[in-house]
Amino acid sequence: MSSTRFEGEIIVSAIDKREYRHITLPNKLQALLVHDPKTEKSSACCDVLVGALSDPKEAQGLAHFLEHMLFMGTEKYPVENAYSAYLNSHGGFSNAYTSQENTVYYFDVQNDHIEGALDMFASFFTCPLLSDSSTAREINAVDSENTKNLQSDMWRKFQLFKSLAREDHPLNSFSTGNLETLSKIPASKGLNTRDMVVDFYHKHYSANNMKVVVYAKESLDTLEQWVVQKFSEVPNKDLPRAVFDADPFGPAQVQKYLEVVPIRDVKSMTVSFPIPATEHRYLTKPTSYLGHLLGHESGGSILSALKAKRWANGLSAGSYLSNNDFAAFTLTIELSDEGVNHVDEIAACVFAYVGMLQRAGPQEWVWNELKETGDMNFRFLNQVEPSTYATNLANGMHTYNIPHTVCGSHLQFQCDLAEIAEFLTYFRPDNSIITVSHRGFTGKTTLKEKYYGTEHNKLDYSSTQVKLWAESLQLGGEWMDALSLPLPNPFIPTDFALKAADAAAVSVAVPVIIEHQGTTEVKHELLEEAERAPEPAAPAAESTESAEG
Ligand SMILES: [Zn+2]
């Protein structure tokens, strides 16, 4: 049994001294091995390309429930929770989460125990018990996890959003699961939950849709040997990637105005736009461009216009749903006490800005700035915890070409202004959903979301709103003078060559000026090698949500 190595270059940050190797096992399972001789912990992740969108309607939460069941023992390690106990006793931890299209398992552990942990971990995917005796107890565990989520506005918001999708679309479902959906409903239909979870495992778990990352001190050869030894027995069913309807929000699902009572005393407003899938467009990242401008905070931005009126305290913009077949883009505005009384005008401001972007057309210089910022941040990328890193890498392996496994999420590769213009056409009032959330709606709502009990009203846009927002998009209306594109940023560095210090400069202890151009001064002081990296800028607002734990 041997594996096939990827012989090309995997692009990494200039300051990343770790070694990488990408291998494909004969069963088509792909793994990325990362050798880090300085790491304090070792880690591994397995990302399986199946999630809540594949749940059967009669057992919602089944993908998440299976995630729990894999921890309940395997033929090789039959004691329930033996894996978690092993990790705990060796300074490690394990976790897992189920999102719409992925189920992700990961752990970290003291360096000396990575091989033992990896062996237990791999048995999840070769010989899980999925025993009848664990089933009832674990349904209760999922049920209590859901009970904890019930008071979380993040979970409530996500579920309410999904419930707005077409009823026959798998997005319109309940991903976590509870006693009702995992036990009572299946039983009422004569279905056995344990049988269903076994079927689900055999139907959807296959070596060809798993991506494994192992991060440790050992040499790449040793890591490769371990992965070949432990993961080659994972059955391969040559499963094709699941395809879901690209249109969860049709004409009947948009132009909805929701008034929501949150748990916490926060006032916010979101404007959401269903857009085409973005997952496979990682080379061009059209939503990065749009998130950058719509979420900008400088003069002329939506936020600065709203702040001038004292209607908003903050704003974020970016992908809210990003799946392989469909996506949504959301602007979330943190409203002031006064802003709550002006939501129609605030939405008009958003549409006026979108209209301005449409008329101006996508700007190559803005894209270039994004690319340069991305390049710089990647060049000086901070290292994150091994388990976080392994998880990010495994997830990206489902999407990125092998050379881009490490850099795929960070870099802008290709400028496609036509694609950005096409995406902008989806940012229309008649393709939007607006949600206003504040406790002032308490006692004034008529609807309750089915699983979280979120109190809300759901209204069609009024003719006044439709008229105001359509005019704002076309003409800018009263916001016209307040909105403009940001000015070019002259402070994005692109030349990172180190300046040679002359002998005199080296001998002084205080910084000295070695270059002076206009408003720019370059000072020189002696630094250790490791200190020569600037702090990277904060990443653009991106948001994904999933069933954690
Ligand atoms: Zn869970």
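Cut-off values and rules
- Residues numbered from 1 in each chain as written.
- Predicted model: local features only at pLDDT ≥ 70, side-chain atom pairs only at ≥ 80, totals over all residues.
- Heavy atoms only, no water.
- Helix = DSSP H or I, 4+ residues; strand = E, 2+ residues; numbered from the N terminus.
- Rg over C-alpha atoms; globule rule 2.2 N^0.38 Å.
- Buried < 20%, exposed > 50% of the residue type's maximum accessible area, 1.4 Å probe, protein only.
- Contact = heavy atoms within 4.5 Å.
- Polar contact = N/O pair within 3.5 Å; in protein donor to acceptor, adjacent residues only side chain to side chain.
- Lys, Arg positive; Asp, Glu negative; His and termini not counted.
- Salt bridge = Lys/Arg side-chain N within 4 Å of Asp/Glu carboxyl O.
- Axes fitted to C-alpha atoms, helices over the stretch in contact; angles between N-to-C directions.
- Parallel < 35°, antiparallel > 145°, perpendicular 65-115°, else oblique.
- Nonpolar A, V, L, I, M, F, W, Y, C, P; charged D, E, K, R; others polar.

### Structural notes on the overall build of the chain
Consideration 1: Helices and strands together make up the secondary structure of the chain, namely 16 helices and 17 strands.
Consideration 2: Taken against the 2.2 N^0.38 rule, which gives 24 Å for 549 residues, the C-alpha radius of gyration of the chain at 26 Å falls within 12% of a compact globule.
Consideration 3: Projecting the C-alpha coordinates of the chain onto the three principal axes gives extents of approximately 80 × 70 × 40 Å.
Consideration 4: A buried classification covers 53% of the 549 residues belonging to the chain.
Consideration 5: In the chain, once contacts between residues fewer than 6 apart in sequence are set aside, the share between residues at least 24 apart is 80%.

### Looking at the environment of Asp16
Consideration 1: One can find Asp16 in the loop between strand E1 (4-5) and strand E2 (19-24).
Consideration 2: Separated by 363 residues in the primary sequence, Asp16 and Arg379 have C-alpha atoms spaced 8.6 Å apart.
Consideration 3: Polar contacts involving the side chain of Asp16 include one to the side chain of Arg18, which spans 2.8 Å.
Consideration 4: At a separation of 2.5 Å, a polar atom in the side chain of Asp16 contacts the side chain of Tyr20.

### Things to note about the side chain of Glu67
Consideration 1: Considering the arrangement of structural elements, one finds Glu67 in helix H1 (residues 62-69).
Consideration 2: For the buried Glu67, which has no salt bridge, the nearest side chain bearing the opposite charge is Lys148, at an N-O separation of 12 Å.
Consideration 3: Within the local environment of Glu67, its side chain forms a polar contact with the side chain of Thr98, the two groups lying 2.6 Å apart.

### Structural notes on the packing of helix H4 (residues 132-149) against helix H6 (residues 179-188)
Consideration 1: Contact geometry of H4 with H6 gives a least axis separation of 8 Å together with a crossing angle of 140°. Our classification of the angle between H4 and H6 gives oblique. Across the interface between the two elements, Ile139, Asn140, Val142 and Asp143 from H4 touch Leu179, Leu182 and Ser183 from H6.
Consideration 2: Of the residues in the contact of H4 with H6, the class split is four nonpolar, two polar and one charged.

Note that every value here comes from positions in space, so none of it alone points to a role or purpose.
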